[in-house]
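Close look at the chain arrangement
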Amino acid sequence: MPGHAYRVLVLAFLVGGLLVCRTAIGLTYYTQMGPGPGFFPFWAGALLSLFCLMLLIQSFRAQIPAFDIPEKGPMLKIVVTIAAIAGFGLFIERLGFVLTMFGVLLALLYVHGCRMLPTGLVVALTGSLGVGFAFSRWLGVFLPPAPGAVLQFIGL
């Protein structure tokens, strides 16, 4: 009965979306300057709930295929991507944004098929420095700095 596990998962996400909406209602929806802190979570939760409701209705109308575990290649990509996201969360405060993003980008590029080391290094370095510079300089977002002021000479 593959449809039951699918429906339970969809219901779990539906409940999660509704909880996000409920929590967002307690935040300020709109301020004098524009959308407040409750605007995005409310609509994200509402869209998640709507999509889950549509999937749930569709699951009763169509035959749901059995769940297959991906082969070794795609499973490795999934595991490395999840590990990169977790590693980013764990190391951003210790290594700073730019160094952590550089490592994450390099790992993701390698696992997703970039086998040329110079190309991977240039893309990861450009991506991490570019995003760090754009967020800190243009958007005014505080990003954790590298330890020991390693990148302080470029303002990161």
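Cut-offs used in this document
Residues numbered from 1 in each chain as written. Predicted model: local features only at pLDDT ≥ 70, side-chain atom pairs only at ≥ 80, totals over all residues. Heavy atoms only, no water. Core = buried A, V, L, I, M, F, W, Y, C linked by side-chain atoms within 4.5 Å. Buried < 20%, exposed > 50% of the residue type's maximum accessible area, 1.4 Å probe, protein only. Helix = DSSP H or I, 4+ residues; strand = E, 2+ residues; numbered from the N terminus. Contact = heavy atoms within 4.5 Å. Patch = residues over 30% accessible without salt bridge, like charges linked within 9 Å, V, L, I, M, F, W, Y side chains within 5 Å. Areas by Shrake-Rupley, 256 points an atom, 1.4 Å probe, with all protein chains shown as cover. Salt bridge = Lys/Arg side-chain N within 4 Å of Asp/Glu carboxyl O. Axes fitted to C-alpha atoms, helices over the stretch in contact; angles between N-to-C directions. Parallel < 35°, antiparallel > 145°, perpendicular 65-115°, else oblique. Nonpolar A, V, L, I, M, F, W, Y, C, P; charged D, E, K, R; others polar.

1. Description of the nonpolar core
Listed in full, the five residues of the largest apolar core are Ile 92, Phe 97, Val 98, Met 101 and Leu 143. Looking at this core element by element, the count peaks at three residues for helix α4 (residues 97–111). Setting aside its immediate chain neighbours within four residues, Leu 143 contacts Phe 97, Gly 132, Phe 135 and Ser 136.

2. As for a nonpolar patch on the surface
The grouping of Val 131, Phe 133, Phe 135, Trp 138, Leu 139 and Val 141 at the surface amounts to a nonpolar patch, some 590 Å² of accessible area in total. Here Phe 133 lies in helix α5 (residues 117–138).

3. Some thoughts on the packing of helix α3 (residues 72–95) against α4
Axis separation between α3 and α4 bottoms out at 8 Å; the angle between their running directions is 170 degrees. Here α4 runs roughly antiparallel to α3, going by the angle between their axes. Side by side, α3 and α4 meet where Leu 76, Lys 77, Val 80, Thr 81, Ala 84, Gly 87, Phe 88, Phe 91, Ile 92 and Leu 95 of the first sit next to Phe 97, Leu 99, Thr 100, Met 101, Val 104, Ala 107, Leu 108 and Val 111 of the second. Partitioned by chemical class, the residues of the contact of α3 with α4 number 14 nonpolar, three polar and one charged.

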